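# Coordinate analysis (summary)
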Amino acid sequence: MCLYVCIKICLILRETQDQVRQIFALSVTEFILFGLTQDAGKQKAVFGVFLILYLATLLGNFLILVTIKTSKTLGSPMYFFLFYLSFSDACLSTTTAPRLIVGAITQKNTISYNECMTQVFAAHFFGCLEIFVLILMAFDRYIAICKPLRYTTLMSQHVCSVLMILSWVGSCIHSSAQIFLALRLPFCGPNVIDHYFCDFQPLLKLACMDTYVINLLLVSNSGAICTVSFIILLTSYVVILYSLRNHSAEGRRKALSTCTSHFIVVVLFFGPCIFIYTRPPTTFPIDKMVAVFYTIGTPLLNPLIYTLRNVEVKNAMKKLWCSKV
């Protein structure tokens, strides 16, 4: 249902793009993505490296999705949320990586206005969905460790489903706000985006208007979501670690192992996001490499972190795929 609503919003936004462009008298119909580099030799390396990373990301997240969906032992809320985390990872990576890979080998780095706006919407939608899922996973661990007697009641299947629906709706609202701001930007001059995908900050540099107010709205939207979510997650982990003092040594070890893997994901994802979306309307050469962390790096590391550090997932994968072989 939420996916259907998001698709309808995309269609409505696409239908209104011509009207918006007429209002602002836009002369730019396509953009040129600068990519990570313009050096021909380095572009071949970019193609090879990121093709391998992207395929590994798809493979790792696909294995997690299939394993959780088919395994009878991975029915707890934590794996329910992990399923959607892998889904959002695969989609977020697919939003940005393929165009970078194809552009590096074909030297064709143009993207139409409509495709650029669609990429802005998709990147923010799946990025925001991942943020909400990480918060839900931290909430699940908090209930499991701090309120174990009420865990089955507070984290029932119905509650988890409702929380995920709210996450989809919240992501849709966030990305719709982003695309609304992006559609109001008039482009009448330069069309070279110094990035490897369409994002809000590089587009602000090309707009033929004063973008100070719009940047404040961007910071209050994306920046606030990243910062507040990061604070919430850090607080939850501090509370969890504090509550572990009353647990047995084995219980502390297992809980600490789980929370450590979650914390690694949080730092790798939120650090670059906060750096990009909570500052004045300026861009730096390092922005592209920082963006690689949360658009390509984190989706690749999540499967490794949640499988190599989780015995239940590894056993379920061995059981499932060995039987298939």
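Residues numbered from 1 in each chain as written. Predicted model: local features only at pLDDT ≥ 70, side-chain atom pairs only at ≥ 80, totals over all residues. Heavy atoms only, no water.

### Observations concerning the overall build of the protein chain
Put simply, the test is: A helix here means a DSSP run of H or I that spans at least four residues, while a strand means a run of E at least two residues long, and both kinds are numbered starting from the N terminus. Note on classification: 1.4 Å probe, protein chains only; a residue is buried when its accessible area is under 20% of the maximum for its type, exposed when over 50%, partly exposed between these limits. In this analysis, two residues are considered to be in contact whenever any of their non-hydrogen atoms come within 4.5 Å of each other. Only the protein chains shown count as cover for residues, and all accessible areas are computed by the Shrake-Rupley method using a 1.4 Å probe.
A tally of regular secondary structure across the protein chain gives eleven helices and three strands. Reading the helices (α) and strands (β) of the protein chain from amino to carboxyl end gives α-β-α-α-β-α-α-α-β-α-α-α-α-α. Taken over 325 residues, the protein chain has a buried fraction of 49%. Counted over contacts in the protein chain with a minimum sequence separation of 6, partners at least 24 positions apart contribute 79%. Accessible surface, the protein chain as shown: approximately 15,800 Å² in total, 70% of it carbon and sulfur.

### Digging into the state of the cysteines
Put simply, the rule is: Cysteine sulfur atoms are paired as a disulfide whenever they fall within 2.5 Å.
Counted according to the given criterion, the structure contains two disulfides. Residue pairing for cysteine 116: its cysteine sulfur links by disulfide to cysteine 198, the two sulfurs lying 2.0 Å apart. Taking the sign of the S-S torsion, about -115° here, the bridge from cysteine 116 to cysteine 198 comes out left-handed. Here cysteine 116 is found in helix H4 (residues 113–146), whereas its partner cysteine 198 is found in the loop between strand S3 (192–193) and helix H7 (200–206), with 82 residues between them in sequence. Cysteine 198 carries the same exposure label as cysteine 116, and that label is buried.

### Here's the deal with the packing of aromatic side chains
Our working definition: Put simply, two rings from Phe, Tyr or Trp (the six-membered ring, in Trp's case) pair if the centres are within 6.5 Å, and we call them stacked under 30 degrees between planes, edge-to-face over 60, tilted for the rest.
Applying the stated rule across the entire model yields 16 aromatic pairs. Ring-pair connections join several aromatic residues into one group, and the members of that group are Phe87, Phe121, Phe125, Phe126 and Trp168.

### Here's the deal with the packing of H4 against helix H6 (residues 157–183)
Quick note on the threshold: Lines fitted to C-alpha atoms define the axes, with helix axes restricted to the stretch in contact, and inter-axis angles between N-to-C directions lie between 0 and 180 degrees. Two helices crossing with the near one rotated counterclockwise from the far one by less than a right angle form a left-handed crossing, whereas a clockwise rotation gives a right-handed crossing. For this scheme, ten residues count as nonpolar: Ala, Val, Leu, Ile, Met, Phe, Trp, Tyr, Cys and Pro. Four count as charged, namely Asp, Glu, Lys and Arg, and the remainder, Gly too, count as polar.
The N-to-C vectors of H4 and H6 enclose an angle of 145°; their axes lie 8 Å apart at closest approach. Relative to H6, the crossing made by H4 is right-handed. A class-by-class count of the residues in the contact of H4 with H6 yields 17 nonpolar, eight polar and no charged.

### Concerning the packing of helix H3 (residues 77–106) against H6
This is how it is decided: Any angle that falls under 35 degrees is termed roughly parallel, while one over 145 is termed roughly antiparallel, one within 65 to 115 roughly perpendicular, and all others oblique.
Here H3 crosses H6 at 25°, and the two axes come no closer than 10 Å. On the basis of the axis angle, H3 is roughly parallel to H6. Considering the relative orientation of H3 and H6, their crossing is right-handed. Across from Pro77, Phe80, Phe81, Tyr84 and Phe87 in H3, the residues of H6 making contact are Gln157, Cys160, Ser161, Met164 and Trp168.

### What to know about the confidence of the model for the protein chain
The condition that has to hold: A residue's pLDDT is the predictor's confidence in that residue, given on a scale from 0 to 100.
Mean pLDDT for the protein chain: 82, with 88% of residues reaching 70 or above. No element of the protein chain has a lower mean pLDDT than helix H1 (residues 2–23), at 49, and none a higher one than H6, at 92. Confidence over residues 16–26 falls short of pLDDT 50; this stretch has 16 contacts with residues more than four positions distant or in other chains.

### A closer look at the pattern of salt bridges
Just so we agree on the cut-off: Here a salt bridge means any side-chain nitrogen of Lys or Arg lying within 4 Å of a carboxyl oxygen belonging to Asp or Glu.
Tallying each qualifying case throughout the model produces three salt bridges. For arginine 99, the salt bridge identified is with glutamate 115, shortest N-O distance 3.5 Å. Of this pair, arginine 99 sits in helix H3 while glutamate 115 sits in helix H4, and the two are 16 residues apart along the sequence. When the shortest N-O distance is used, the salt bridge between aspartate 140 and arginine 141 registers 2.8 Å.

### Examining the UniProt feature "transmembrane region" (unreviewed entry) in the protein chain
Just so we agree on the cut-off: UniProt positions are given in the numbering used here, feature names are shortened, and annotations may be inferred rather than shown by experiment.
Taking the numbering used here, the UniProt-annotated feature "transmembrane region" (unreviewed entry) corresponds to residues 45–66, 78–101, 121–139, 159–181, 222–244, 256–277 and 289–308. Across residues 78–101, helical content stands at 100% and strand content at 0%; the span's end C-alpha atoms are separated by 33 Å.

### Focus on the sheet that holds strand S1 (residues 30–33)
Strands pair in a sheet through their backbones, by hydrogen bonds, and they do so in one of two ways: parallel or antiparallel. Here is the rule: Note on pairing: DSSP must find at least two bridges between two strands before they are called paired.
Strand order in the open sheet formed by three strands is S2-S1-S3, and the pairing between neighbours is mixed. On the outer flanks of this sheet lie strand S2 (110–112) and S3, each paired with one strand and no other. Bridging between S1 and S2 involves three bridges; their strand directions are antiparallel. Directly across from glutamate 30, in S2, lies its bridge partner serine 112.

### Quick look at the pairing of S1
Residue alternation in S1 divides its side chains into a buried set, Phe31 and Leu33, and an unburied set, Glu30 and Ile32. The sheet contact formed by S1 and S3 spans two bridges and is parallel. Across the sheet, isoleucine 32 pairs through a bridge with valine 192, a residue of S3.

### As for H3
Worth spelling out the cut-off: To estimate how far a helix should reach, multiply one less than its number of residues by 1.5 Å.
Here H3 spans 44 Å end to end across 30 residues, near enough to the 44 Å set by a 1.5 Å rise per residue. Within H3, 22 of the 30 residues are buried, which leaves the element mostly enclosed by the surrounding structure.

### Digging into the side chain of histidine 195
Note that histidine 195 resides in the loop between S3 and H7. Using a relative accessible area of 5% as the deciding quantity, one classes histidine 195 as buried. Excluding its chain neighbours within four sequence positions, the residues that come into contact with histidine 195 are Leu33, Phe34, Gly35, Pro202, Asp287, Lys288 and Ala291.

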